[in-house]
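# Structural overview
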Amino acid sequence: MAALGWLTPRRRSATARSVLAGEASAEAARKSSQELEELAHEGVPEGTEPEFPVIGDDKAAAFFDLDNTVMQGAAIFHFGRGLYKRKFFETRDLYRFAWQQAWFRLAGVEDPEHMQDARDSALSIVKGHRVSELMSIGEEIYDEYMAERIWPGTRALAEAHLDAGQKVWLVTAAPVEIATVIARRLGLTGALGTVAESVDGVYTGKLVGEPLHGPAKAEAVRALAAAEGLDLGRCAAYSDSHNDIPMLSLVGHPYAINPDAKLRKHARKLDWRLRDYRTGRKAAKVGIPAAAGVGAVAGGTAAAIALHRRRR
């Protein structure tokens, strides 16, 4: 890892591993970020709220959680499915991935045990492979399994920030390489993600710090904001999970997107803005087909059940 001398010293309330994970992710994100592209259309979404995001505010940026916020389901599970297709692992591992993904879609929340199991599996699978190889495969997997699962409503929110001339970052526990592919394909600035250790471009099977989850996400956003000269009070953050309350609490404009029960309760208590693209009532309000979400859940569940039956 390169020296992190560009970080501004501060009082640290998170664990040392969370800080390390956050700083490593911020460094990786800055290295891999793309130049912000000029978009053709102007203005921000219509509504009764004050103009937001503010056009031309170069001290502001937006941070978007990925799983169930920008994309239906979990990126790491879709990635696992793509690796199975390329014979990176065996059928018994796909069986576990399928059931985890079906559960994640139905529950709509991050279960630490399920997510840890998925990360451990992914690390063992990629050990010994080159980083460049996984990046190339990630491009293919995005087209195969992820592109059609992007929430149109959340993507529109991200584009509003881009239209205003602001940078937009994904912040996710998914591997930073995969997160970077997704960010690039969506036209975003870059991504903060879990950093897997590599030596001479080859994965060792270990992490740098810990997964970018919970407090570690807040550390990553704080580190990136310091490096980019951002005013967090003018920034926005978007997430579906109560696990991301530390990140949401950092910024002046927190949004609960497709929130789980705990985040919804917390957001209402603090008068945070809420957007929900999952139900017919909410989807109709923002012009998103409700059937798309229902079909995705049914499809993921059916696939898992079918696989289970074939193995009986």
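This structure is a prediction, so every number in the text was calculated from the model and none was measured.

### Focus: the overall build of the protein chain
Within the protein chain one finds 12 helices and 8 strands. When each of the 312 residues of the protein chain is scored for burial, the buried share is 50%. Accessible surface, the protein chain as shown: approximately 14,600 Å² in total, 52% of it carbon and sulfur.

### Overview of the packing of helix α2 (residues 75–85) against helix α5 (residues 131–146)
Here α2 crosses α5 at 105°, and the two axes come no closer than 9 Å. The orientation of α2 relative to α5 falls into the category roughly perpendicular. On α5, the residues that touch A75, H78, F79, R81, G82, L83 and K85 of α2 are L134, I137, G138, I141, E144, Y145 and M146. In terms of residue class, the contact of α2 with α5 is made up of 8 nonpolar, 3 polar and 3 charged.

### A short note on the pattern of salt bridges
Any two side chains of opposite charge can pair, on the condition that their charged atoms come close. For the coordinates displayed, the defined rule picks out 15 salt bridges. Here E144 and K85 are joined by a salt bridge, their closest N and O atoms 3.5 Å apart. With a gap of 59 residues between them, E144 in helix α5 and K85 in helix α2 connect regions that are remote in the sequence. One salt bridge connects R185 with E139, and the closest N-O pair in it is separated by 2.9 Å. A residue pair is termed long-range when its members are at least 10 positions apart, and R185 in helix α7 (residues 176–185) and E139 in helix α5 qualify at 46 residues.

### Observations regarding the confidence of the model for the protein chain
Looking at the protein chain as a whole, the pLDDT averages 76, with 63% of positions reaching at least 70. Low pLDDT, under 50, characterises residues 1–12; the stretch is placed with 21 contacts to residues that sit more than four places away or in other chains. Counting contacts from residues 34–48, a segment whose pLDDT is below 50, to residues more than four positions away or on other chains yields 16 contacts.

### Details of the packing of α5 against α7
Two numbers describe how α5 lies on α7: the axes approach to 9 Å, and their chain directions differ by 50°. When the axis of α5 is compared with that of α7, the two are oblique. In the crossing of α5 with α7, the sense of the turn from one axis to the other is right-handed. Contacts from V131, L134, M135, G138, E139, Y142, D143 and M146 of α5 reach α7 at E177, I178, V181, I182, R184 and R185.

About the cut-offs
Residues numbered from 1 in each chain as written. Predicted model: local features only at pLDDT ≥ 70, side-chain atom pairs only at ≥ 80, totals over all residues. Heavy atoms only, no water. Helix = DSSP H or I, 4+ residues; strand = E, 2+ residues; numbered from the N terminus. Buried < 20%, exposed > 50% of the residue type's maximum accessible area, 1.4 Å probe, protein only. Areas by Shrake-Rupley, 256 points an atom, 1.4 Å probe, with all protein chains shown as cover. Axes fitted to C-alpha atoms, helices over the stretch in contact; angles between N-to-C directions. Parallel < 35°, antiparallel > 145°, perpendicular 65-115°, else oblique. Contact = heavy atoms within 4.5 Å. Nonpolar A, V, L, I, M, F, W, Y, C, P; charged D, E, K, R; others polar. Salt bridge = Lys/Arg side-chain N within 4 Å of Asp/Glu carboxyl O. pLDDT = per-residue confidence, 0-100. Left-handed = near helix turned anticlockwise from the far one by under 90°.

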